[in-house]
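Results of the structural survey
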Amino acid sequence: MKIEDIYYAAMKARDHRFDGKFFVGVKTTGIYCRPICPAKPKRENVEFFRSHIEAEAAGYRPCLRCRPESAPRSPAWIGKSAIVQRAVKILHSQETIEFNEDRFAKKFGVTARHLRRLFVEEIGKTPKQLSFENRLNLARKLITETALSITDIAFASGFTSIRRFNDAFKDRFKKSPREIRRDKISPDSALTVSLPYRPPFDFSGLMKSYENHRIGNLEWFKDGKMYRVVSLNNKVGHIAIANDPESSSLLVEIDFPDTSALHLIISRVRNLFDLDSDPVVIANVLENDPKIKKLLKQYSGIRLPSGWDPFEISIAAILGQLVSIEHGRSLVHDLIELIGNDSAFIVNDKAVKLFPTPEQIAKADLSKLKTTRIRKQTLIDFSKAVASGEISLEPTQNVEEFLKKVLAIKGIGPWTAQYMALKVLRDTDTFPGTDLILARSYELHSKEVVNSMHPWRGYVAALFWRAYAGSLQKKKVRKNDNNKSSKKNRF
């Protein structure tokens, strides 16, 4: 069977597993769609593209019904060279809408001109064009799914001129913002956006992990939802995240005073729940081993656990060395209560304090924190390194260089460093083999088998934590951070 026939069959079935992996151009209308679009054109009237960029380059405009820009992202189209792949990932998750070509190119040690040339050769658009397109895609999502005014949406998308916003929007989508907004949404309803994913999706596994590792009073869980107090740009709000399996989407309620932060909140939720993961591609590798295939069948759609903020994850990892999960969580809570700023939120009759910044921890008196003197100094040294820029928590950096820098800090050993690489950098190929549960899993799965799962060993780690955290017997460990094994069940 030809690949085009497979694509057409997936389109007819509206199979969410293929969402974002290809797009359908309809010759008779000049529109391109996601494979899950309700439209059912005839086979002779369609052609297929690997990305929305290819479809638009061929002259097609995005469908107003299925909104192709909302599809889960696919790694298949993001370029051939490592530098372009890293750059595209950063563009999709950058913390500010503002874009400066020279500063952006400097991240990769090249000139803006050279990076533009690579982008045009491999993707067909410059970094600036792709960044601009992301802003307009965000605008259409907010117009379609929320009751925000067109003016607020323009500002949230990084525009300072309503006229320029309207012109750019119409040029991209061939209709004005007001023409796109067909369905009226009550202004009293919560600002809710949907974020699609490819099934299967182990939502319950991630929720269990995040509840086990909840950060102070900033996170709480109720009725299948995850709640989080959010602090960005010196402003504070909160979000609620729920699963909608029927539409293969997360529903995110956002209550935040600054609409310009919406793009960052959405990006962080996507990373938190690993929404761009492709479970079929991962399963094709993991299922080569019969034992792991059996586990994957039990916990299908496994995702990489991470956290809301990379600095929070790192500090929690340091405090969680060689202690139980409950003790580690308690230490994180105590640190927040000791030096965190007040958020002005009260949750479950408790005042919520914000997680301290690297600068706050670097200058803090930690004498009242009930952990070892060495660990307190490790917290300070690590925070100073992050605050100064000596250590970056940017997820697309070279993993080996990151490990080298982190291991140079006294009190951080291989387990902690690898744990950070997996959860902070979200490196899909990191397997922290000195973790207690993962070390014990070698009795059931050989190292050779685990190593053969490249480049998805991180998902193997997540799968083993999910499957074995409650069953593998704990061993007594030495009280130092050589990280031979960690007493903490990580998932």
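All values reported here derive from a predicted model rather than from experimental measurement.

Turning our attention to the overall build of the protein. Along its length, the protein carries 22 helices and eleven strands. Expressed as lengths along the three principal axes of its C-alpha atoms, the size of the protein is roughly 70 × 50 × 50 Å. In the protein, the proportion of contacts linking residues at least 24 apart, taken out of those at least 6 apart, comes to 67%. Of the accessible surface of the protein, which amounts to about 22900 Å², a share of 48% is contributed by carbon and sulfur atoms. Put simply, the protein has 81 plus and 57 minus side-chain charges, and the middle of one group is 2 Å from the middle of the other.

Pairing is antiparallel across the open sheet formed by five strands, whose spatial order is 5-9-8-7-6. The open sheet terminates on both sides in strands that have one partner only, identified here as strand 5 (191–196) and strand 6 (219–222). Direction aside, the axes of adjacent strands within the sheet are offset by 25 degrees on average. Pairing between strand 7 (residues 225–232) and strand 8 (residues 235–244): seven bridges, direction antiparallel.

In this section: the pattern of salt bridges. In total, this model carries 22 salt bridges according to the counting rule given. Within the structure, one salt-bridge network assembled from shared partners comprises E56, K125, E133 and R172.

Here the focus is the pairing of strand 8. Hairpin connection, strand 7 to strand 8: the antiparallel pair is bridged by two residues, and N233 has positive phi, about 55 degrees. Turn length for the strand 8-strand 9 (residues 249–255) hairpin, with the two strands adjacent in sequence and antiparallel, is four residues, and the turn residue S248 shows positive phi of about 50 degrees.

A few words on the nonpolar core. With 73 residues, the main nonpolar core has L286, I315, F382, I391, M420 and F464 as its most contacted residues. Take this core: its biggest share by element is nine residues, from helix 22 (residues 457–468). If sequence neighbours within four positions are ignored, I391 has contacts with F382, A385, V386, F402, K405, V406 and I409. In terms of nonpolar packing, the next biggest core, distinct from the first, is built from 45 residues, L191, L195, M226 and I266 among them.

Turning to the sheet that holds strand 3 (residues 46–49), a few remarks are in order. A sheet is described by the order of its strands in space; here four strands give the open sequence 3-1-2-4, paired in mixed fashion. Two strands in the sheet have a free side with no partner beyond their single neighbour: strand 3 and strand 4 (61–62). Where strand 1 (residues 23–26) meets strand 3, four bridges bridge the pair, whose relative direction is antiparallel. Within strand 3, the position partnered with G25 by the bridge is E47.

Moving on to the confidence of the model for the protein. Averaged over all residues, the pLDDT of the protein is 91; the fraction at 70 or higher stands at 93%. This stretch, residues 475–482, has a pLDDT under 50; its non-local contacts, to residues over four places away or in other chains, come to 16 contacts. Low pLDDT (under 50) marks residues 484–491, which in the prediction has 44 contacts with non-local residues, meaning those over four places away or in another chain.

Now for empty space enclosed by the protein. One pass over the structure, following the stated rule, counts three cavities of 30 Å³ or more. Here the second largest cavity defines a volume of roughly 260 Å³. Contributions of two or more residues to the lining of the second largest cavity are made by helix 10 (203–212), helix 14 (310–319), helix 15 (325–339) and helix 19 (414–423).

One way to put it is that helix 18 (residues 399–407) packs onto helix 19 with a least axis distance of 10 Å and a crossing angle of 140 degrees. When the interaxial angle is binned, helix 18 and helix 19 end up oblique. Between helix 18 and helix 19 the crossing geometry is right-handed. Facing V399, F402, L403, V406 and L407 of helix 18, the residues of helix 19 in contact are P414, A417, Q418, M420 and A421. Partitioned by chemical class, the residues of the contact of helix 18 with helix 19 number nine nonpolar, one polar and no charged.

All right, on to the pairing of strand 9 then. Here strand 5 pairs with strand 9 via six bridges, running antiparallel. Paired with T192 across the strands is E253, a residue of strand 9. As judged from the seven bridges shared by strand 8 and strand 9, these two strands associate in the antiparallel manner. Each bridged residue has a counterpart across the sheet, and for A242 the counterpart in strand 9 is L251.

Relative to the helices and strands, E4 resides in helix 1 (residues 3–13). Of the residues examined, E4 reaches a relative accessible area of 33% and is grouped as partly exposed. Spatially, the C-alpha atom of E4 lies 20 Å from that of P62, the residues being 58 residues apart in sequence. Contacts of E4, omitting those with residues within four sequence positions, involve R43 and F48.

This part covers unusual backbone geometry. Omega for the peptide link from P199 to P200 comes to 0 degrees, which places this bond in the cis form. Along the chain, the position of P200 falls in the loop between strand 5 and helix 10. Between H454 and P455 the backbone carries a cis peptide bond, its omega angle lying at 5 degrees. Within the element layout of this structure, P455 appears in the loop between helix 21 (447–451) and helix 22. Notably, D349 is not glycine yet its phi reads approximately 65 degrees, a positive angle. Tracing the chain through its elements places D349 in the loop between strand 10 (342–347) and strand 11 (350–353).

In this section: the packing of helix 6 (residues 127–145) against helix 8 (residues 162–173). A pair of packed helices is characterised by two quantities: the angle between their axes and the separation of those axes. Their axes nearest at 10 Å, the elements helix 6 and helix 8 cross at an angle of 90 degrees. As judged from the angle between their axes, helix 6 and helix 8 are roughly perpendicular. For the pair helix 6 and helix 8, the contacting residues are F132, E133, L136, N137, A139, R140 and I143 in the first and R164, F165, A168, F169, R172 and F173 in the second. Of the residues contributing to the contact of helix 6 with helix 8, the split by class is eight nonpolar, one polar and four charged.

Conventions adopted
- Residues numbered from 1 in each chain as written.
- Predicted model: local features only at pLDDT ≥ 70, side-chain atom pairs only at ≥ 80, totals over all residues.
- Heavy atoms only, no water.
- Helix = DSSP H or I, 4+ residues; strand = E, 2+ residues; numbered from the N terminus.
- Contact = heavy atoms within 4.5 Å.
- Areas by Shrake-Rupley, 256 points an atom, 1.4 Å probe, with all protein chains shown as cover.
- Lys, Arg positive; Asp, Glu negative; His and termini not counted.
- Charge placed at Lys NZ, Arg CZ, Asp CG, Glu CD.
- Pairing = 2+ DSSP bridges.
- Axes fitted to C-alpha atoms, helices over the stretch in contact; angles between N-to-C directions.
- Salt bridge = Lys/Arg side-chain N within 4 Å of Asp/Glu carboxyl O.
- Core = buried A, V, L, I, M, F, W, Y, C linked by side-chain atoms within 4.5 Å.
- Buried < 20%, exposed > 50% of the residue type's maximum accessible area, 1.4 Å probe, protein only.
- pLDDT = per-residue confidence, 0-100.
- 1 Å grid on protein atoms, 1.4 Å probe; cavity = no way out; pocket = protein on both sides within 12 Å on 5 of 7 lines; lining within 4 Å.
- Points joined across faces, edges and corners; volume = space filled by probe spheres on them.
- Parallel < 35°, antiparallel > 145°, perpendicular 65-115°, else oblique.
- Left-handed = near helix turned anticlockwise from the far one by under 90°.
- Nonpolar A, V, L, I, M, F, W, Y, C, P; charged D, E, K, R; others polar.

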